[in-house]
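# Fold and geometry: a report
Given next are the chains, with one letter for each unit.
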Amino acid sequence: MKILNEIIANAQKAQKRIVLPEGMEPRTLRAAEIILKNNIARLIILGNPGLIREEAEKLGVGLGKATLVDPVTDERRERYASMMVEIRRNKGLTKEEALTLLNDPLYFAPMMIKAGDADGELAGAINATGDVLRPAFQYIKTQPGVSVVSGAFLMFINDPNIGHEGILVFADCAVLPDPDENQLAEVAVTTARTAKAIVGCEPRVAMLSFSTKGSASHIMVDKVVNATRKAKEMAPDLKIEGELQVDAALVKEVAQLKAPGSEVAGRANVLVFPSLESGNIGYKLVQRLAKAEAIGPVLQGMAAPINDLSRGCSVTDIVTMVAITANQAAAII
Ligand code: ACO
């Protein structure tokens, strides 16, 4: 796929340092070999170096140029712990507690980024989303002007007439269980930025609901209507339409009936779901039933790139997500 090739080429140029906290995980090690062989990123792999090398040897994987770092013994622990105490001063974190947290690679990795010792992180092949995200939220936090992190998926549909040449960007499918109207507006704006930066398209954002332009009235519809208005205020140049049912967002004939004259309806390339339930179920339905390739979640709104994998991820998914993380670190995304 053309876009994926561009993402890999950008990563090769950027040569960012990506930290992989799940150093003993076989798919991660197999992906690391591919990433290093193809010069996609510089890798820092966390864990006990002796055990990682043993596991790599068992798998027949070469980790030649990777830097192996043990969070339990690394000499930077003291410095990182002091930084953690400072960041969590208002939460009363003690140095002792910080040192204990640093034994966990999911805390050590964001602290490497915070200290400038790494540029991005990818985890989640064996850890739940919440466990990957919590340390990132606490120590990396959000970008200026953004209050919530959300997760987008690039959906590659087998029909070039849908979205942008067959690509749709879905959000939020990974993070915010029940966004309020302000958060939903932010998700719309940050997802539009992700679409522009990764897919290279002019975003046309549909704010999804079970109602189109007043066809139903309900408090849940009001949330989407208000979020649409707020997103337009936040980004007046953005093409955004709501509330729309998904058929009105994607199908021209339906759009003509339900939302005539809209710049977005019938040709949306960004779909913003009203809740995590709908977003997470929606992307998995399209992935499994329409056999679309789903890449992500690409986390948006974080102050540094940290991405989360699905535990069902493949080696190829890990390679692609490292490349996307490197693109984000290079501020290409
Ligand atoms: N953006 C930025 N910061 C956040 C966000 C967010 N979306 N959510 C929580 N935070 C911050 C909080 O402000 C808090 O900061 P503080 O400690 O400095 O005060 C910190 O993170 C912890 O907040 P909690 O509310 O205690 O976080 P909690 O751990 O309960 O929830 C989490 C965060 C884990 C991400 C939760 O929202 C969650 O479980 N989401 C669903 C994740 C999931 O399971 N997704 C589906 C699977 S993914 C897939 O299928 C691809």
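Residues numbered from 1 in each chain as written. Predicted model: local features only at pLDDT ≥ 70, side-chain atom pairs only at ≥ 80, totals over all residues. Heavy atoms only, no water.

### What about the domain arrangement of the protein chain?
When the domains of the protein chain are assigned, the result is domain 1 (2-141 + 304-331) and domain 2 (150-294). Contact residues are listed per partner, giving 6 residues for domain 1 and 6 residues for domain 2. Of the roughly 570 Å² buried between domain 1 and domain 2 on both sides combined, carbon and sulfur atoms contribute 77%. Area buried by domain 1 at its contact with domain 2 is led by Ile3, Leu4 and Ile324, which between them contribute 56% of it. (Domains from an automatic or database assignment. Contact = heavy atoms within 4.5 Å. Buried area = accessible area lost by both parts, 1.4 Å probe.)

### Quick word on the nonpolar core
With 62 residues, the main nonpolar core has Leu43, Ile45, Leu63, Val205, Met207 and Val322 as its most contacted residues. Residue contributions to this core peak at 9 residues, all from helix α8 (residues 181-199). Counting residues domain by domain, this core receives three or more from each of domain 1 (2-141 + 304-331) and domain 2 (150-294). Not counting residues within four places of it along the chain, the set of residues in contact with Met207 comprises Leu184, Ala188, Val224, Ala227, Thr228, Ile240, Glu241, Gly242, Glu243, Leu244 and Val272. In this structure, Val19, Val85, Tyr107 and Phe108 belong to the second largest nonpolar core, which totals 29 residues. (Core = buried A, V, L, I, M, F, W, Y, C linked by side-chain atoms within 4.5 Å. Buried < 20%, exposed > 50% of the residue type's maximum accessible area, 1.4 Å probe, protein only. Helix = DSSP H or I, 4+ residues; strand = E, 2+ residues; numbered from the N terminus.)

### Some thoughts on helix α13 (residues 315-329)
Relative to the 21 Å expected for 15 residues at 1.5 Å per residue, α13 spans 21 Å between its end C-alpha atoms, a close match to the ideal helical length. Those residues of α13 not exposed but buried are Ile318, Val319, Thr320, Met321, Val322, Ala323, Ile324, Thr325, Ala326, Asn327 and Gln328. (Expected span 1.5 Å × (residues − 1).)

### Quick look at the pattern of salt bridges
Overall, the coordinates contain 16 salt bridges when judged by the stated rule. The residue Asp74 makes a salt bridge to Arg76 at a minimum N-O spacing of 2.8 Å. Taking the relative accessible area as the measure of exposure, Asp74 reaches 15% and is therefore buried. Across the pair Lys230 and Glu181 runs a salt bridge whose closest N-O atoms are separated by 3.0 Å. Separated by 49 residues along the polypeptide, Lys230 in helix α9 (residues 219-234) and Glu181 in helix α8 bring together distant segments of the chain. Taken together, the shared-partner salt bridges connect Asp74, Arg76, Arg79 and Asp117 into one network. (Salt bridge = Lys/Arg side-chain N within 4 Å of Asp/Glu carboxyl O.)

### With respect to the packing of helix α6 (residues 105-114) against helix α7 (residues 129-139)
Following both chains from N to C, one finds α6 and α7 inclined at 35°, their axes separated by 9 Å at the closest point. When the axes of α6 and α7 are compared, the crossing they make is right-handed. Two secondary-structure elements touch here, α6 through Leu106, Tyr107, Pro110, Met111 and Lys114 and α7 through Asp131, Val132, Pro135, Ala136, Gln138 and Tyr139. Split into classes, the residues belonging to the contact of α6 with α7 amount to 8 nonpolar, 1 polar and 2 charged. (Axes fitted to C-alpha atoms, helices over the stretch in contact; angles between N-to-C directions. Left-handed = near helix turned anticlockwise from the far one by under 90°. Nonpolar A, V, L, I, M, F, W, Y, C, P; charged D, E, K, R; others polar.)

### Regarding the site of the ligand
For the ligand, the set of nearby residues contains 23 residues, the closest of which are Arg88, Arg134, Val149, Ala174 and Val175. Here a nitrogen atom of the ligand and a backbone polar atom of Val149 are 2.8 Å apart. Val175 places a main-chain nitrogen or oxygen 2.9 Å from a nitrogen atom of the ligand. When contributions to the shell around the ligand are tallied by element, the ones reaching two or more residues are α7 and α12 (276-289). Considering only residue class, the shell around the ligand consists of 12 nonpolar, 6 polar and 5 charged. Here the shell around the ligand spans two domains, and each of domain 1 (2-141 + 304-331) and domain 2 (150-294) adds at least three residues to it. (Near = heavy atom within 4 Å. Polar contact = N/O pair within 3.5 Å; in protein donor to acceptor, adjacent residues only side chain to side chain.)

### A look at the layout of surface pockets
By volume, the largest pocket is sized at about 340 Å³. When contributions to the lining of the largest pocket are tallied by element, the ones reaching two or more residues are α12, β10 (293-300) and α13. Two domains share the lining of the largest pocket, each providing at least three of its residues, namely domain 1 (2-141 + 304-331) and domain 2 (150-294). (1 Å grid on protein atoms, 1.4 Å probe; cavity = no way out; pocket = protein on both sides within 12 Å on 5 of 7 lines; lining within 4 Å. Points joined across faces, edges and corners; volume = space filled by probe spheres on them.)

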